[in-house]
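# Understanding the architecture of this molecule
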Amino acid sequence: MTARDAFLSAPTITQTSVSNDHLNWLEDEAISILREVFGGFERPAILCSCGKDSLVVLHLAMKAAAPGKLPLPIVHIDTGHNFPEVITFREHLVKKHGLNLIIGHLDDSIKKGTIRLAHELESRNPYQTITLLETIEGNRFDAMVGGARRDEEKARAKERVFSHRDSFGQWQPRAQRPELWNLYNTRIAQGENFRVFPISNWTELDIWNYIAREDIELPSIYYTHQREVIERNGLLVPVTEITPPRAGETVITRDVRFRTVGDISCTCPVASTASSADEVILETITATASERGATRMDDRANDAAMERRKKEGYF
Amino acid sequence: MSNTPHSAASRPLRFITCGSVDDGKSTLIGRLLYDSKALMIDQLESLANSSKTARGPQSKEGQLDLSLVTDGLEAEREQGITIDVAYRYFATPKRKFIIADAPGHEQYTRNMVTGASKSDVAVVLIDVMKLDFSQPAVTLLPQTKRHTAFAALLGLQHTVVAVNKMDAIDFDASRFERVVTAFGELAASLKIKHFTAIPLSALDGDGVVAHTARSAWFQGPALLPHLESLVLDDAHGTSATAKAHVAVQWVTRDVSDDHLRWVTGDVAEAAIKVGDAISVFPSGATAVVAALRTGRGDTTTAEPGEAVAIRFDRQVDIARGDWIMAGSVSDTPLTQRASATLAWLDNAPLTLGRRYIVRHGARWLPARVSAISSRLDLASAEWQTGDGAGAEVKANDLVRAEIEFAQALPLAAFAESAARGAFVLVDPGTNATAAAGMIQ
Ligand SMILES: Nc1nc2c(ncn2[C@@H]2O[C@H](COP(=O)(O)OP(=O)(O)O)[C@@H](O)[C@H]2O)c(=O)[nH]1
């Protein structure tokens, strides 16, 4: 029996629901972390990709600020290779909540020459870090709040809630500061900054339960829709201008939803008919592929990919 | 919207695995994740790939090396050791768990302390293959003692001793008992009131989710059912007369009325209620709570652990770093000098008399350590005064010290209030977190 078969045939004792109290506990922890950012930094911002995790963070930030107004801007790193639904959603969100949106355009970095693409249709995901660091420097941000979760990936599982970055934006995994109780050491020298992760302790299941409970709006591509795709290496690759079919490949139309939103060139949907957060939860409970593995082409490359990117300044 | 405050019963149980290098911490966590199906297929496949190349010295042919589940950093995989604490999540139908997988190497103790400060339970692994059973008394490894001491001082609510690799000694019950006796002595000198010891094999799974024929002689629970059954008490130490304290994190204005100010922070020690009379540290101002909000909306009561926004019945001068204290000014005594336990974490040793920066609540202020009164000797697990006590305080040392703050603070003994009893000491030159402090 292969390890995979053994795993699949093992008795399931996975839980199927998340209690309200449990979500309240996570919510309070996140709100408290966000208030540390509001009160403890001069120029903080929230990084918002309009993905579900960053939208949960934004929702929590508005709760942490209430009944006051959100005291910090939202930053979107725009690769220029977006799903149009996500950009429409971004504009809608800004209007609805009166957000102060700052966009870091990858195209600006390309124009400046700080990013050089090998070829026009290359995945822009690896280059986001450069535009992100330029946006941080240009705005002199001292804390960037992000929606990373520790259950996503091995390197993230090791990261502190308040993650110190040097003046080159680098993470030094071997020299992380101890983090004791909720007494965060937020002291920095000139030019350094923090990445802050209020939903570090949330799992994907928690996120979806919270989205359902709080009725948090997401871009439409998170729910089932028909899309032209190609089956390639076990992934459903969406057919777009940037990711056209290769010679000999057949385009098919499938019911799909996205589990993350990112650069068009490297984000794949999964087959799904889930049309609400509750239906996604049902699917998530039975999911057998962890989130990043199923949907991100670039993370498949190797185990250490994320850690390397983080060291360079990626979220 | 629902307005149930979270209770200790329904929040996740956070436990830290401690012990020396190679005691089997990573294997045990891999086993728990595997047996509770918290691993996903692709993680499993990547594990199967890694197991072929990097294989632990004692892993058996054809078996997945479950320890590889948790080692997340490149340096860790290359060197085959755990450097930093990794957090893992899994759930059973009964409970959700957050595991802090702490590194075993002495030089990474600071990362173990990081994990322990946010844990409820210490699971101390003991590797029976490393113990000498030829002598009448079994001697535990120094790192087992060190981790247990840190966990005890950080006030973790429960201690579980996982006596691991029992498969290697044929699940010998008498050797297990001798390990329990040795740990009992350590627990007594560290004032750990209660612990549960469980014989198991992280590698084969006996005693983890359930006991097997090999461990059937053992009368107690298996590890996972035991963790599921542990009762958490978040109000530990606080008496019925405890009063609410809130370290102020941030102050904001109501969008609907610029004159209304809201003060935010986490409730500690006791519930705060609309109508409560409060005083403010340091101004001494007094006011009455007029309105409260949590993430769930408006409320009349906020429980300890809840993140709250508070509005008062009058304008009060208040800012980040202040404290809101239920009752009158005289209800919370202020102290400037205190005895504290310091867990020294920085590579740079302590300099007596030097000005450090301390964080207490949300307040930063200067402080200095004036004297060392005793230090924990790991061999005997006893606090030693006298000559040795005054020697250099280095990374991973535990000492009792006299500390003087630049200002009198609403301090409390750590055993009574973690919120007012804990502080961190920061090196003002490097901004490194130098020590964890607990008021005695
Ligand atoms: N015989 C035996 N070996 C074990 C057991 N648990 C762990 N090991 C082995 O001990 C070594 C160290 O385990 P690991 O989990 O990496 O230890 P860590 O350093 O505490 O995380 C590995 O080779 C494991 O295969 C056990 O229950 N029985």
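Predicted model, so just to flag it, every value in this text is computed and none were measured.

### Here we look at the overall build of chain B
Secondary structure assignment for chain B yields eight helices and 23 strands. Here chain B holds 440 residues, and 58% of them are scored as buried. Restricting the contact set of chain B to residue pairs at least 6 apart, pairs at least 24 apart contribute 69%. When the accessible surface of chain B is summed, it comes to about 16,500 Å², and 51% of that surface belongs to carbon and sulfur atoms.

### Section: the overall build of chain A
Counting its secondary structure elements, chain A contains 10 helices and 10 strands. Taken across its 315 residues, chain A has 61% of its residues classed as buried. Relative to all contacts within chain A whose residues are 6 or more apart in sequence, the contacts with residues 24 or more apart total 72%. Carbon and sulfur atoms form 50% of the exposed surface of chain A, whose accessible area is close to 12,200 Å².

### Comments concerning the packing of aromatic side chains
Residue and element names in this part refer to chain A. Taken as a whole and judged by the stated rule, the model has 18 aromatic pairs over all chains. When the centroid spacing of 6.2 Å and the interplanar angle of 70° are considered together, the rings of Phe162 and Phe194 count as edge-to-face. Residue Phe162 is located in strand S5 (residues 162-165), and its partner Phe194 is located in strand S6 (residues 193-196); the two are separated by 32 residues in the primary sequence. Here Phe162 and Phe194 have matching classes, each one buried.

### Some remarks on unusual backbone geometry
Here Ala66 of chain A and Pro67 of chain A are connected by a cis peptide whose omega angle stands at 5°. Secondary-structure assignment places Pro67 of chain A in the loop between helix H3 (52-65) and strand S2 (74-78). A positive phi angle, close to 75°, is found at Glu269 of chain B, a residue other than glycine. Residue position: Glu269 of chain B is located in the loop between strand S9 (257-268) and strand S10 (272-273). According to the relative accessible area criterion, Glu269 of chain B is buried, its value standing at 15%.

### With respect to the environment of Lys273 of chain B
Among the structural elements, Lys273 of chain B can be located in strand S10. Counting along the chain gives 137 residues from Lys273 of chain B to Pro410 of chain B, while the straight-line C-alpha distance between them is 21 Å.

### Structural notes on the pattern of salt bridges
Residue and element names in this part refer to chain A. Tallying each qualifying case throughout the model produces 40 salt bridges over all chains. Between Arg149 and Asp151 there is a salt bridge, with the nearest N and O atoms lying 2.6 Å from each other. Taking relative accessible area as the criterion, Arg149 reaches 1% and is therefore assigned buried. Residue Asp151 is classed as partly exposed on the basis of its relative accessible area, which comes to 25%. Here Arg254 and Glu231 are joined by a salt bridge, their closest N and O atoms 3.1 Å apart. Within this pair, whereas Arg254 is found in strand S9 (residues 252-258), its partner Glu231 is found in strand S7 (residues 225-232), the two being separated by 23 residues in sequence.

### Remarks on the confidence of the model for chain B
All names here are of chain B. Of the residues in chain B, 86% reach a pLDDT of 70 or more, and the chain-wide mean stands at 87. A low-confidence stretch, residues 1-5 (pLDDT under 50), is modelled with 17 contacts involving residues beyond four sequence positions or located in other chains. Confidence over residues 52-62 falls short of pLDDT 50; this stretch has 14 contacts with residues more than four positions distant or in other chains.

### Things to note about helix H4 (residues 84-97) of chain A
All names here are of chain A. The terminal C-alpha atoms of H4 lie 20 Å apart, and with 14 residues this matches the ideal 20 Å at 1.5 Å per residue to within 8%. Val86, Phe89, Arg90, Leu93 and Val94 are the residues of H4 that are buried. When H4 is viewed along its axis, its buried side chains cluster within an angular range of 135° and face the same direction. Summarising the geometry of H4, the exposed residues directed more than 90 degrees from the buried face are Pro84, Thr88 and Lys95.

### Description of helix H7 (residues 204-214) of chain A
Residue and element names in this part refer to chain A. Judged by how many residues are buried, H7 sits mostly within the fold: nine of 11 residues are covered. Among all positions in H7, only Glu204, Leu205, Asp206, Ile207, Trp208, Asn209, Tyr210, Ile211 and Glu214 are buried. Positive backbone phi, approximately 55°, marks Asp215, located one or two places after H7.

### Notes on the sheet that holds strand S4 (residues 121-127) of chain B
In any sheet, the strands associate via hydrogen bonds between backbone groups, in a parallel or an antiparallel arrangement. Residues and elements named next belong to chain B. Ordered by their spatial adjacency, six strands build an open sheet running S2-S3-S1-S4-S5-S6, and the pairing between neighbours is mixed. Both outer strands of the open sheet, strand S2 (86-91) and strand S6 (196-199), are each paired with one neighbouring strand and no more. Taking each pair of neighbouring strands and ignoring which way they run, the sheet shows an average axis angle of 25°. As paired strands, strand S1 (residues 13-18) and S4 are joined by four bridges and run parallel to one another. Counterpart to Phe15 in the pairing with S4 is Val121.

### Concerning the confidence of the model for chain A
Low-pLDDT stretches of the model should not have their predicted coordinates read in fine detail. All names here are of chain A. Confidence in the prediction for chain A averages 84 pLDDT; 84% of positions are at 70 or higher. No element of chain A has a lower mean pLDDT than helix H1 (residues 3-9), at 42, and none a higher one than strand S1 (residues 44-47), at 98. Low pLDDT (under 50) marks residues 1-16, which in the prediction has 39 contacts with non-local residues, meaning those over four places away or in another chain. Under a pLDDT of 50 for its full length, residues 291-303 has, in the predicted model, 51 contacts with residues more than four places off or in other chains.

### Some points on the environment of Glu283 of chain A
All names here are of chain A. Relative to the helices and strands, Glu283 resides in helix H8 (residues 277-285). Note: C-alpha distance between Glu283 and Thr273 (10 residues apart in sequence) is 9.4 Å. Setting aside residues up to four positions removed in sequence, Glu283 forms contacts with Arg257, Ser272, Thr273 and Ala274.

### Some points on the nonpolar core
Judged by nonpolar contacts, the single largest core of 138 residues is most densely connected at Phe15 and Leu227 of chain B. In terms of nonpolar packing, the next biggest core, distinct from the first, is built from 27 residues, Phe281, Ala338, Ile372 and Ala434 of chain B among them.

### Considering the sheet that holds S5 of chain A
Residue and element names in this part refer to chain A. Taken together, the six strands give an open sheet; going across it, the order is S3-S2-S1-S4-S6-S5, and neighbouring strands pair in mixed fashion. Two strands lie at the open edges of the sheet, namely strand S3 (101-105) and S5, each paired on one side alone. If you compare each strand with its neighbour and ignore which way they point, the axes differ by 30° on average. Pairing analysis gives three bridges linking S1 to strand S4 (residues 143-145), with the strands arranged parallel. The residue bridging Ile46 from the neighbouring strand is Val145, located in S4. Sheet contacts for H3: S1, S2 and S4; angle to S1, the most-contacted strand, approximately 140°. Strands S2 and S3 of the sheet are contacted by H4, whose axis makes an angle of about 165° with S2.

### Points about the pairing of S7 of chain A
Residues and elements named next belong to chain A. As paired elements, S7 and S9 share five bridges and run antiparallel to each other. Following the sheet pairing, Glu228 is matched in S9 by Thr253. The pairing of S7 with strand S8 (residues 235-238) spans four bridges and is antiparallel. The partner of Arg232 across the bridge, within S8, is Leu235. Remark: two residues form the turn of the hairpin made by S7 and S8, two consecutive strands paired antiparallel; Asn233 in that turn has positive phi of roughly 50°.

### Examining the packing of H3 of chain A against H7 of chain A
Residues and elements named next belong to chain A. Running from amino to carboxyl end, H3 crosses H7 at an angle of 55°, the nearest separation of the two axes being 11 Å. Taken together, the axis directions place H3 and H7 in an arrangement best described as oblique. Relative to H7, the crossing made by H3 is left-handed. Contacts between H3 and H7 pair Lys52, Asp53, Val56, His59, Leu60 and Lys63 from the former with Glu204, Ile207, Trp208, Tyr210, Ile211 and Glu214 from the latter. The class makeup of the residues in the contact of H3 with H7 is six nonpolar, one polar and five charged.

Parameters at a glance
- Residues numbered from 1 in each chain as written.
- Chains lettered and ligands numbered in written order.
- Predicted model: local features only at pLDDT ≥ 70, side-chain atom pairs only at ≥ 80, totals over all residues.
- Heavy atoms only, no water.
- Helix = DSSP H or I, 4+ residues; strand = E, 2+ residues; numbered from the N terminus.
- Buried < 20%, exposed > 50% of the residue type's maximum accessible area, 1.4 Å probe, protein only.
- Contact = heavy atoms within 4.5 Å.
- Areas by Shrake-Rupley, 256 points an atom, 1.4 Å probe, with all protein chains shown as cover.
- Phe/Tyr/Trp six-rings, centres within 6.5 Å; stacked < 30°, edge-to-face > 60°.
- Salt bridge = Lys/Arg side-chain N within 4 Å of Asp/Glu carboxyl O.
- pLDDT = per-residue confidence, 0-100.
- Expected span 1.5 Å × (residues − 1).
- Arc of directions from axis to C-beta.
- Pairing = 2+ DSSP bridges.
- Axes fitted to C-alpha atoms, helices over the stretch in contact; angles between N-to-C directions.
- Core = buried A, V, L, I, M, F, W, Y, C linked by side-chain atoms within 4.5 Å.
- Parallel < 35°, antiparallel > 145°, perpendicular 65-115°, else oblique.
- Left-handed = near helix turned anticlockwise from the far one by under 90°.
- Nonpolar A, V, L, I, M, F, W, Y, C, P; charged D, E, K, R; others polar.

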